[in-house]
Structures are given as structure tokens and as C-alpha cells.
Amino acid sequence: DIFHAYITLLKSTKPAALTTVDPDAMDQEEGPIAMLQSQVPSIIKALHRQLKEKSIKTRQGCFALLTELVSVLPGALSDHIPALIPGIQFSLSDKNTSSNMKIDTLAFLNCLLTHHPPQVFHPHIPMLVPLVVHAVADPFYKITSEALLVTQNIVKVIRPLDSPTQFDFRPYVGDLYKSTLNRLMAADIDQEVKERAITCMGQIICNLGDNLSAELTTCLPIFLDRLRNEITRLTTVKALTMIAGSPLKIDLRLILGEAMPILASFLRKNHRALRLSTLTTLDVLIQNYGNAITQDMLNGVLAEVPPLISENDLHVSQLTINLLTSMSRVHRSSLAKIGESILPELFVLVRSPLLQGAALTAMLDFFQALVSSGTPKMGFRDLLQYLITPIYSPT
């Protein structure tokens, strides 16, 4: 009851946490957030012992309270991670722990990893990784699913790509990869586990792929199989976007030849989310792997583009135009195809009164790239003539 009462108080504090706090304002000093921050050490001290209680209900209450605390005050537990790790270890390794207890513990660990800086976890990675790898192999699909989510965040913690780190992540690459690969290859698993295994492996290749060069020949073809599967294709497209956008420049030539026609075919599917994700993936692939993409691969994509440029869906149009802009910068030989069937659609969209915002900016960027390319019959004067003709000759 005390846990529930305090969790309710935390939920009531959340709106106050979302408002902007002025550090110079005198009246903020005794606000609910300041009071909560001052209570954090006392909360951790009180829960430290409770997290090793035999009572599962007590431990579940502890993790529920801590999860709510982290969501209200991100980063509040940075100084208290060493006090929490033994409780996490106990709940994940105790043989008498129920499935729900493990799920709650993993959910809290995921929340903790998401809302705190990576370096606070580095001293505890040698203990956390084996626990999570063991949970990924659990026969109960809900535990596996939650553990894959934690694995994805651990990968981002041991090697963050957006900030330098001195942490030696290499000893953990093999275990994280193998445990995820086993779930990725399994055919008879739950849908949620399938999707999370694909996303998790995408994150592993994105962050650790330069240490997995030999393993990519096994792993990347599985992505092709998942791309062909109607149930897993959207998740796989998003994972490929992540991998293709990695600053590690992962070698994707092994699957590009087969992946490009499959991705092109998705552009004609009556599935908006799939079309949007595919356009983003193709754009990233062309920007980062332009030298490995042949004209034949691009022709398949260009054939599907004209129907996507329409005032009926400006977001799809915007991403399509972004894709064309990348093509005109990286693959100038493809511009001849653009002039035949795609430019007329673009000029129809230009005349629409609905064209504005991001779609209009994308259109301007495309025209700029087109003129800069120096393609015959697509220079400044040619495009200007196309644009003013409807005004001076409306018939």
C-alpha cells in the first residue's frame, strides 16, 4: 500500500517535471521536483534491503516505484547504480523468481539504461551482460522479448556512437551477438520476439559491426529472408536504415543486389508505414553506399517513384523528393530517367496550393541539386521555362 501511495504521488509529480524549471527563479527551490530530488538518497537506502527480500510482491513494488521515479526524474539514480545492481542480479538469477518478477526487473533495467548516461553502467557491465544473455535464452517468450530490448540498450551503452568512450566493449561482442542470432534464426517464435530480435541485431551491427566482419556473411542474409516475409518486412526495413546509417560504414554489398529490388517493390504496396520507411532506407543507402549501387538497381526504384509524387500525401512526396535529391547528387547518370517520367509529376505538384513546409523545402533542394548537376536540358533556364509556362500559357 505504501508503494502504491508513493507511485501515485510520483505520477502526480510528473506534470511538474515536464514544465520548464528556471534555475534562477527563487520560488522553484521548494517545488515538488526539488523535494523529490532531496528524497532520492533516502528512497534508495530504504529500497536497497527490500530488493533482496524473499517476497516477490515486495520486490515488484520496489521496481515499480523505481521505474516511475526514473520516468519522472531521468538521471536521478546516476549516483546510486551500485546500490541497485545487487537487487537486479538477485531477481534475475534467483531460481525461485517468478516470470513476472523477471519481466518487471528487465523492464526496470531497460528504463534505467535508457534514462542515464552510459558511463555510469560501465563498471557493472561484466555482471549485467551474462544476466541479460541468459534471459534472452529463456523459454518464456515475454522474458525473451524484454531481454532483447535490454540487450539493444546495453549495446548502445557499451559503445555509444554519439560520444567518445574509453570502455573496452570487445569482450562482450561475441556473447551479445550469439544470443541475439539464436533468436533471429529461430522460425517458430512469437511475433514480438521475432521483431525485437531483428531490431536488436540491427543495433548490434550498427554499433559493433566493425568487430563482426566475419559474422556478417551469416547474419545479413537472414535480413534478406525477413525482408521477404510480409510479417517481418517493416521491422527489417527499419533495422536496415539503422545499419546503413551507421558511422562505422558496415559493408552491405553482400545483400545490396537482392535487397534493392525488394525495397523497390515495397514502394507500390498499399501500406503507408512501409512506403515511408522504405523511402528513408533507400535514401540512406544511396547517400552512404552510392558507389556500390548500380544503375540497374536504381532503375527499379525510379520506375516506382512517379505515383508517389502527389498532393494527396505530402509526407510521402517529401521523402520521395529527398530520395531523388540524393540520387541527383550521388548518381548523376540516373537523371536522364528522372526527366522522362518524374519531372512532369513534380511540376504538377509544384502547381498545387497545398505544397508547403517540409515538402516545399524538399522540392527547392531537389531543383538546386538538379541545376548543380549540369545535366543537359535540366539547367536553370530550362527549369525556369517549365515553371513559368503554366502561368503565361495556362491553356
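Cut-offs applied
Residues numbered from 1 in each chain as written. Predicted model: local features only at pLDDT ≥ 70, side-chain atom pairs only at ≥ 80, totals over all residues. Heavy atoms only, no water. Helix = DSSP H or I, 4+ residues; strand = E, 2+ residues; numbered from the N terminus. Expected span 1.5 Å × (residues − 1). Buried < 20%, exposed > 50% of the residue type's maximum accessible area, 1.4 Å probe, protein only. Contact = heavy atoms within 4.5 Å. pLDDT = per-residue confidence, 0-100. Axes fitted to C-alpha atoms, helices over the stretch in contact; angles between N-to-C directions. Parallel < 35°, antiparallel > 145°, perpendicular 65-115°, else oblique. Left-handed = near helix turned anticlockwise from the far one by under 90°. Nonpolar A, V, L, I, M, F, W, Y, C, P; charged D, E, K, R; others polar. Core = buried A, V, L, I, M, F, W, Y, C linked by side-chain atoms within 4.5 Å. Phe/Tyr/Trp six-rings, centres within 6.5 Å; stacked < 30°, edge-to-face > 60°. Salt bridge = Lys/Arg side-chain N within 4 Å of Asp/Glu carboxyl O.

Colleague: So what's going on with helix α11 (residues 233-244)? Residues and values would help.
Modeller: Here α11 contains 12 residues, and its C-alpha end-to-end distance of 16 Å stays within 8% of the 16 Å for a straight helix at 1.5 Å per residue. Burial analysis of α11 places nine of its 12 residues in the buried class, which makes it a mostly covered element. Along α11, the positions that sit buried rather than exposed are Arg233, Thr235, Thr236, Val237, Ala239, Leu240, Thr241, Ile243 and Ala244. Elements in contact with the buried residues of α11: α9 (191-208), α10 (216-228), α12 (253-266) and α13 (272-289).

Colleague: I'd like a description of the confidence of the model for the chain, backed by residues and values.
Modeller: The predicted coordinates of low-pLDDT regions are not to be read in fine detail. Confidence in the prediction for the chain averages 88 pLDDT; 92% of positions are at 70 or higher. The least confident element of the chain is helix α1 (residues 2-18), whose mean pLDDT is 63; the most confident is α11, at 97. Overall, residues 18-29 carries pLDDT values under 50, and its contacts beyond four positions in sequence, including any with other chains, amount to four contacts.

Colleague: Quick rundown of the packing of helix α2 (residues 32-50) against helix α3 (residues 56-72)? Include the residues and the values.
Modeller: Packed helix pairs are characterised by how far apart their axes lie and by the angle those axes make with each other. At a closest axis distance of 11 Å, the pairing of α2 and α3 adopts a crossing angle of 160 degrees. Between α2 and α3, the angle is such that the two are roughly antiparallel. In the packing of α2 onto α3, the handedness of the crossing is left-handed. For the pair α2 and α3, the contacting residues are Leu36, Val40, Ile43, Ile44, Leu47 and Gln50 in the first and Thr58, Arg59, Cys62, Leu65, Leu66, Leu69 and Val72 in the second. Residues belonging to the contact of α2 with α3 are distributed by class as follows: 10 nonpolar, two polar and one charged.

Colleague: How would you explain the nonpolar core if you had to name every residue and give the values?
Modeller: Ranked by internal contacts, the top residues of the largest apolar core, which has 129 residues, are Leu66, Leu77 and Leu252. In terms of residues, this core owes the most to one element, helix α6 (residues 125-136), which gives nine residues. The residues touching Leu77, leaving out its near neighbours within four places in the chain, are Val40, Ile44, Leu66, Leu69, Val70, Leu84, Phe108, Leu112 and His116.

Colleague: Tell me about α3, and name the residues and values.
Modeller: For α3, spanning 17 residues, the distance from its first C-alpha to its last is 24 Å, which sits close to the expected 24 Å at 1.5 Å a residue. Restricting attention to buried positions, one finds in α3 the residues Arg59, Gly61, Cys62, Phe63, Leu65, Leu66, Glu68, Leu69, Val70 and Val72.

Colleague: Any details on the packing of aromatic side chains? Residues and values, ideally.
Modeller: All told, the structure shown has five aromatic pairs when counted by the stated rule. On the basis of an interplanar angle of 5 degrees and a centroid distance of 6.0 Å, the ring pair of Phe167 and Tyr172 is categorised as stacked. On the basis of relative accessible area, Tyr172 is assigned to the buried category, the value being 15%. Geometrically, the ring pair formed by Phe366 and Phe367 is tilted, given 5.9 Å between the ring centres and 45 degrees between the ring planes. The pair formed by Phe366 and Phe367 is uniform in burial state, with each residue classed as buried.

Colleague: Break down the packing of α12 against helix α14 (residues 295-304) for me, citing the residues and quoting the values.
Modeller: Contact geometry for α12 and α14: axes closest at 9 Å, N-to-C directions at 5 degrees. In terms of orientation, α12 lies roughly parallel with respect to α14. Counted together, Leu256, Gly257, Met260 and Ala264 of α12 and Met297, Leu298, Gly300, Val301 and Glu304 of α14 form the full contact between these two elements. Taken together, the residues that form the contact of α12 with α14 break down as six nonpolar, two polar and one charged.

Colleague: Give me the lowdown on the pattern of salt bridges, citing residues and values where you can.
Modeller: Between side chains of opposite charge, a pair can form when the charged atoms approach closely. Summed over the entire model, instances satisfying the criterion amount to 10 salt bridges. Between Glu258 and Arg228 there is a salt bridge whose closest N-O contact spans 2.6 Å. In this pair, Glu258 sits in helix α12 while Arg228 sits in helix α10, placing the two residues 30 residues apart along the sequence. Overall, Glu258 belongs to the partly exposed group, its relative accessible area being 44%.

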